[in-house]
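An overview of the molecular structure
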Amino acid sequence: MSAGPSDEPRGYPAAIVGRADPIAVRRIEPSADSPGVDYLWRVRWDVAEPYDQRVVPQPRLHLAAEQGRLLVHGVTRRPFFRHLVGRGHVLGASFRPGGFHGYLRASVGALTDVVRPAGDVLGVDDRPPAARILDAEASDDAMVAALTDYLRAVGYESEPRAAEIGQLVALAEHDRSLVRADALADAGGVSLRTLQREFATYVGIGPKWVLQRFRLLDAAAAARSGTVVDWGALASELGFSDQAHLVRRFTDVVGTPPATYAREVTEG
(Lines give C-alpha, C1' and ligand atoms only; values in the text may rest on other atoms or scores of the structure.)
Protein backbone atom coordinates (compact mmCIF):
# COMPACT_ATOMS: atom_id res chain seq x y z
CA MET A 1 0.00 0.00 0.00
CA SER A 2 1.50 3.32 -1.07
CA ALA A 3 -0.22 5.64 1.42
CA GLY A 4 1.72 6.77 4.46
CA PRO A 5 0.57 7.33 8.04
CA SER A 6 0.12 11.06 7.43
CA ASP A 7 -2.43 10.48 4.66
CA GLU A 8 -6.14 10.88 5.34
CA PRO A 9 -7.53 7.41 6.16
CA ARG A 10 -10.52 6.28 4.15
CA GLY A 11 -10.87 2.62 5.12
CA TYR A 12 -10.25 -0.35 2.87
CA PRO A 13 -12.19 -1.01 -0.35
CA ALA A 14 -11.24 -4.67 0.16
CA ALA A 15 -13.33 -4.66 3.33
CA ILE A 16 -16.45 -5.03 1.15
CA VAL A 17 -16.36 -8.70 0.17
CA GLY A 18 -17.94 -9.98 -3.04
CA ARG A 19 -20.09 -6.93 -3.76
CA ALA A 20 -23.00 -7.70 -6.08
CA ASP A 21 -23.64 -5.59 -9.20
CA PRO A 22 -27.00 -4.17 -7.99
CA ILE A 23 -25.24 -2.54 -5.01
CA ALA A 24 -23.92 1.00 -5.51
CA VAL A 25 -21.54 2.41 -2.91
CA ARG A 26 -20.56 6.06 -2.70
CA ARG A 27 -18.17 7.72 -0.27
CA ILE A 28 -18.86 11.34 0.62
CA GLU A 29 -16.66 13.94 2.28
CA PRO A 30 -18.02 14.95 5.69
CA SER A 31 -18.93 18.50 6.58
CA ALA A 32 -16.63 20.57 8.74
CA ASP A 33 -19.52 20.42 11.22
CA SER A 34 -18.84 16.69 11.69
CA PRO A 35 -15.52 16.49 13.58
CA GLY A 36 -14.27 12.97 14.18
CA VAL A 37 -15.98 11.63 11.04
CA ASP A 38 -13.63 10.13 8.46
CA TYR A 39 -16.15 9.81 5.65
CA LEU A 40 -19.83 9.24 4.95
CA TRP A 41 -20.94 6.21 2.98
CA ARG A 42 -24.11 5.77 1.01
CA VAL A 43 -25.30 2.37 -0.26
CA ARG A 44 -28.19 1.87 -2.67
CA TRP A 45 -29.36 -1.56 -3.77
CA ASP A 46 -31.95 -3.18 -6.00
CA VAL A 47 -31.85 -6.96 -5.66
CA ALA A 48 -34.28 -9.50 -7.07
CA GLU A 49 -33.50 -11.96 -4.28
CA PRO A 50 -32.44 -11.30 -0.67
CA TYR A 51 -28.68 -10.84 -0.52
CA ASP A 52 -26.22 -10.94 2.37
CA GLN A 53 -23.34 -8.51 1.84
CA ARG A 54 -20.29 -9.43 3.88
CA VAL A 55 -18.08 -6.66 5.23
CA VAL A 56 -14.74 -7.19 6.96
CA PRO A 57 -14.94 -5.29 10.30
CA GLN A 58 -12.38 -2.55 10.85
CA PRO A 59 -11.32 -0.73 14.04
CA ARG A 60 -13.88 2.04 13.64
CA LEU A 61 -17.39 2.83 14.80
CA HIS A 62 -20.25 3.63 12.44
CA LEU A 63 -23.50 5.53 12.74
CA ALA A 64 -26.02 4.35 10.14
CA ALA A 65 -29.64 5.09 9.28
CA GLU A 66 -31.50 1.81 8.96
CA GLN A 67 -34.68 0.14 10.20
CA GLY A 68 -36.16 3.54 11.06
CA ARG A 69 -33.35 4.52 13.45
CA LEU A 70 -29.84 5.85 13.54
CA LEU A 71 -27.88 2.90 14.87
CA VAL A 72 -24.45 3.05 16.51
CA HIS A 73 -22.35 0.08 15.41
CA GLY A 74 -19.47 -0.51 17.79
CA VAL A 75 -16.31 -2.22 16.64
CA THR A 76 -17.22 -5.84 16.03
CA ARG A 77 -14.96 -8.86 16.25
CA ARG A 78 -17.53 -11.09 14.58
CA PRO A 79 -18.14 -11.54 10.83
CA PHE A 80 -20.53 -8.79 9.73
CA PHE A 81 -23.33 -9.24 7.19
CA ARG A 82 -25.81 -6.68 5.92
CA HIS A 83 -29.06 -8.33 4.78
CA LEU A 84 -30.40 -6.58 1.67
CA VAL A 85 -33.94 -7.09 0.42
CA GLY A 86 -35.68 -5.49 -2.56
CA ARG A 87 -34.79 -1.87 -3.17
CA GLY A 88 -33.47 0.57 -0.62
CA HIS A 89 -30.65 2.73 0.64
CA VAL A 90 -28.69 3.49 3.79
CA LEU A 91 -26.41 6.34 4.79
CA GLY A 92 -23.77 6.05 7.44
CA ALA A 93 -20.84 7.84 9.01
CA SER A 94 -17.52 6.10 9.54
CA PHE A 95 -15.65 7.64 12.45
CA ARG A 96 -11.92 7.97 12.63
CA PRO A 97 -10.37 5.72 15.27
CA GLY A 98 -10.79 7.82 18.39
CA GLY A 99 -13.31 10.09 16.67
CA PHE A 100 -16.52 8.78 18.24
CA HIS A 101 -15.18 9.37 21.74
CA GLY A 102 -15.76 13.11 21.33
CA TYR A 103 -19.49 12.53 20.88
CA LEU A 104 -19.86 9.78 23.47
CA ARG A 105 -17.59 11.50 26.02
CA ALA A 106 -16.89 8.11 27.56
CA SER A 107 -15.04 4.90 26.74
CA VAL A 108 -16.16 3.49 23.39
CA GLY A 109 -15.09 0.06 24.64
CA ALA A 110 -18.57 -0.32 26.13
CA LEU A 111 -19.94 -0.42 22.56
CA THR A 112 -17.68 -3.19 21.25
CA ASP A 113 -19.73 -5.95 19.56
CA VAL A 114 -22.87 -3.87 20.22
CA VAL A 115 -25.46 -2.20 17.97
CA ARG A 116 -27.69 0.34 19.75
CA PRO A 117 -30.02 3.20 18.76
CA ALA A 118 -28.10 6.47 18.77
CA GLY A 119 -30.68 8.12 21.02
CA ASP A 120 -29.97 5.57 23.73
CA VAL A 121 -26.22 6.12 23.42
CA LEU A 122 -25.93 9.85 22.72
CA GLY A 123 -29.03 11.23 24.44
CA VAL A 124 -30.54 12.95 21.37
CA ASP A 125 -33.60 11.48 19.63
CA ASP A 126 -32.45 9.79 16.43
CA ARG A 127 -35.87 9.05 14.91
CA PRO A 128 -36.45 12.39 13.10
CA PRO A 129 -33.09 12.40 11.25
CA ALA A 130 -33.47 8.68 10.46
CA ALA A 131 -36.85 9.39 8.85
CA ARG A 132 -35.32 12.19 6.74
CA ILE A 133 -32.48 9.97 5.60
CA LEU A 134 -34.58 6.90 4.85
CA ASP A 135 -37.22 8.79 2.85
CA ALA A 136 -37.33 7.03 -0.52
CA GLU A 137 -37.12 10.41 -2.30
CA ALA A 138 -34.24 11.79 -0.24
CA SER A 139 -31.26 13.05 -2.23
CA ASP A 140 -27.72 12.36 -1.09
CA ASP A 141 -27.36 16.04 -0.10
CA ALA A 142 -30.53 15.90 2.00
CA MET A 143 -29.41 12.72 3.73
CA VAL A 144 -25.99 14.16 4.51
CA ALA A 145 -27.58 17.32 5.92
CA ALA A 146 -29.83 15.27 8.22
CA LEU A 147 -26.92 13.27 9.61
CA THR A 148 -24.76 16.36 9.99
CA ASP A 149 -27.57 18.17 11.84
CA TYR A 150 -27.86 15.23 14.24
CA LEU A 151 -24.16 15.18 15.06
CA ARG A 152 -24.20 18.94 15.55
CA ALA A 153 -27.09 18.55 18.00
CA VAL A 154 -25.16 15.90 19.95
CA GLY A 155 -22.07 18.09 20.15
CA TYR A 156 -18.41 17.18 20.11
CA GLU A 157 -15.69 17.55 22.75
CA SER A 158 -12.18 17.33 21.37
CA GLU A 159 -9.54 15.46 23.36
CA PRO A 160 -5.90 15.57 22.22
CA ARG A 161 -5.13 12.02 23.37
CA ALA A 162 -7.95 10.63 21.21
CA ALA A 163 -6.32 12.23 18.16
CA GLU A 164 -2.91 10.85 19.13
CA ILE A 165 -4.31 7.33 19.47
CA GLY A 166 -5.96 7.79 16.08
CA GLN A 167 -2.55 8.57 14.62
CA LEU A 168 -1.16 5.35 16.10
CA VAL A 169 -3.99 3.43 14.45
CA ALA A 170 -3.11 5.13 11.15
CA LEU A 171 0.51 4.08 11.65
CA ALA A 172 -0.61 0.49 12.29
CA GLU A 173 -2.70 0.62 9.12
CA HIS A 174 -0.01 1.89 6.78
CA ASP A 175 3.23 0.42 8.17
CA ARG A 176 3.19 -3.26 7.17
CA SER A 177 6.33 -3.88 9.24
CA LEU A 178 4.27 -3.34 12.41
CA VAL A 179 2.98 -6.77 13.39
CA ARG A 180 3.37 -6.76 17.18
CA ALA A 181 1.49 -4.69 19.75
CA ASP A 182 4.62 -4.03 21.81
CA ALA A 183 6.28 -2.48 18.73
CA LEU A 184 3.29 -0.18 18.30
CA ALA A 185 3.52 0.76 21.99
CA ASP A 186 7.21 1.61 21.49
CA ALA A 187 6.27 3.80 18.51
CA GLY A 188 3.79 5.61 20.73
CA GLY A 189 6.25 6.01 23.59
CA VAL A 190 4.05 4.19 26.13
CA SER A 191 3.97 0.82 27.83
CA LEU A 192 2.00 -2.00 26.24
CA ARG A 193 -0.43 -2.00 29.18
CA THR A 194 -1.06 1.74 28.75
CA LEU A 195 -1.59 1.30 25.01
CA GLN A 196 -4.07 -1.52 25.63
CA ARG A 197 -6.03 0.63 28.08
CA GLU A 198 -6.06 3.65 25.78
CA PHE A 199 -7.07 1.62 22.72
CA ALA A 200 -9.99 0.20 24.71
CA THR A 201 -11.06 3.73 25.67
CA TYR A 202 -10.66 5.52 22.34
CA VAL A 203 -10.75 2.80 19.66
CA GLY A 204 -12.91 0.15 21.32
CA ILE A 205 -10.58 -2.79 20.66
CA GLY A 206 -7.02 -3.80 21.59
CA PRO A 207 -3.89 -3.02 19.56
CA LYS A 208 -3.17 -6.70 18.82
CA TRP A 209 -6.59 -7.08 17.15
CA VAL A 210 -6.08 -3.82 15.23
CA LEU A 211 -2.71 -4.89 13.88
CA GLN A 212 -3.87 -8.34 12.82
CA ARG A 213 -6.99 -6.96 11.16
CA PHE A 214 -4.96 -4.49 9.09
CA ARG A 215 -2.52 -7.20 8.06
CA LEU A 216 -5.45 -9.41 6.99
CA LEU A 217 -6.79 -6.51 4.96
CA ASP A 218 -3.32 -6.21 3.39
CA ALA A 219 -3.64 -9.88 2.44
CA ALA A 220 -7.08 -9.22 0.95
CA ALA A 221 -5.66 -6.32 -1.05
CA ALA A 222 -2.90 -8.62 -2.36
CA ALA A 223 -5.55 -11.15 -3.40
CA ARG A 224 -7.44 -8.43 -5.27
CA SER A 225 -4.33 -7.23 -7.10
CA GLY A 226 -4.58 -9.85 -9.85
CA THR A 227 -0.91 -10.82 -9.46
CA VAL A 228 0.47 -14.18 -8.36
CA VAL A 229 0.85 -14.19 -4.57
CA ASP A 230 3.33 -16.30 -2.62
CA TRP A 231 1.09 -16.85 0.40
CA GLY A 232 3.85 -18.40 2.51
CA ALA A 233 6.13 -15.40 2.00
CA LEU A 234 3.27 -12.97 2.54
CA ALA A 235 2.30 -14.73 5.78
CA SER A 236 5.82 -14.25 7.11
CA GLU A 237 5.90 -10.60 6.00
CA LEU A 238 2.58 -9.86 7.70
CA GLY A 239 3.58 -11.44 11.01
CA PHE A 240 1.72 -14.76 10.88
CA SER A 241 3.53 -17.83 12.17
CA ASP A 242 3.13 -19.64 8.86
CA GLN A 243 0.88 -19.89 5.80
CA ALA A 244 -1.61 -22.12 7.61
CA HIS A 245 -2.03 -19.49 10.32
CA LEU A 246 -2.74 -16.79 7.72
CA VAL A 247 -5.21 -19.04 5.90
CA ARG A 248 -7.11 -19.84 9.11
CA ARG A 249 -7.40 -16.24 10.21
CA PHE A 250 -8.22 -15.00 6.71
CA THR A 251 -10.96 -17.61 6.32
CA ASP A 252 -12.43 -16.70 9.71
CA VAL A 253 -12.68 -13.02 8.73
CA VAL A 254 -13.35 -13.04 4.98
CA GLY A 255 -15.25 -16.33 4.70
CA THR A 256 -13.02 -18.10 2.19
CA PRO A 257 -9.32 -19.05 2.04
CA PRO A 258 -7.14 -16.35 0.43
CA ALA A 259 -6.45 -18.30 -2.78
CA THR A 260 -10.18 -18.93 -3.25
CA TYR A 261 -10.93 -15.29 -2.54
CA ALA A 262 -8.32 -14.25 -5.10
CA ARG A 263 -10.00 -16.37 -7.79
CA GLU A 264 -13.44 -15.06 -6.91
CA VAL A 265 -12.49 -11.38 -7.09
CA THR A 266 -10.41 -11.68 -10.25
CA GLU A 267 -12.83 -13.93 -12.16
CA GLY A 268 -15.99 -12.22 -10.90
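For the structure given in this document, a descriptive report is provided here. (Residues numbered from 1 in each chain as written. Predicted model: local features only at pLDDT ≥ 70, side-chain atom pairs only at ≥ 80, totals over all residues. Heavy atoms only, no water.)

The topology assignment puts M143 in helix α4 (residues 140-154). Residues M143 and A65, 78 residues apart in the sequence, show an inter-C-alpha distance of 9.4 Å. Residues contacting M143, with those up to four places away along its chain left out, are R42, R44, H89, L91, I133 and A138. (Helix = DSSP H or I, 4+ residues; strand = E, 2+ residues; numbered from the N terminus. Contact = heavy atoms within 4.5 Å.)

Take the pairing of strand β5 (residues 62-66) next. Consecutive side chains along a regular strand alternate between the two faces of the sheet. Judged by how many residues are buried, β5 sits mostly within the fold: 5 of 5 residues are covered. The alternating pattern of β5 places H62, A64 and E66 and L63 and A65 on opposite faces, both of which are buried. Bridging between β5 and strand β6 (residues 69-73) involves 5 bridges; their strand directions are antiparallel. Along β6, the bridge assignment pairs A64 with L71. Once β5 ends, the chain turns through 2 residues before running back antiparallel as β6, passing Q67 with a positive phi of about 55 degrees. Two strands pair when backbone bridges link them, and β5 and strand β8 (residues 87-95) are joined in this way by 4 bridges, in the antiparallel orientation. Directly across from H62, in β8, lies its bridge partner S94. (Buried < 20%, exposed > 50% of the residue type's maximum accessible area, 1.4 Å probe, protein only. Pairing = 2+ DSSP bridges.)

Attention now goes to the sheet that holds strand β3 (residues 37-46). To summarise the sheet geometry, strands pair through backbone hydrogen bonds and adopt either a parallel or an antiparallel arrangement. Within the open sheet, the 6 strands sit side by side as β2-β3-β8-β5-β6-β9. Their pairing is antiparallel. Every other strand in the sheet has two partners, leaving β2 (23-28) and β9 (115-117) as the edge strands with one partner each. Going from strand to strand, the sheet's axes swing by 25 degrees on average, the running direction of each strand aside. Of the strand pairs in this sheet, β2 and β3 are connected by 6 bridges, and their pairing is antiparallel. Within β3, the position partnered with I23 by the bridge is W45. Against the sheet, helix α3 (residues 127-134) contacts β5, β6 and β8, and its axis sits at roughly 100 degrees relative to β6. (Axes fitted to C-alpha atoms, helices over the stretch in contact; angles between N-to-C directions.)

To continue, consider the nonpolar core. Residues L63, L70, F100, L122 and V210 are the most contacted members of the largest nonpolar core, which totals 66 residues. Per-element tally for this core: the top contributor is helix α8 (residues 207-224), with 10 residues. When neighbours within four sequence positions are excluded, V210 is seen to be in contact with P59, V169, A172, F199, V203 and I205. Counting 9 residues, the second-largest nonpolar core is a separate cluster that includes V43, W45, V47 and A64. (Core = buried A, V, L, I, M, F, W, Y, C linked by side-chain atoms within 4.5 Å.)

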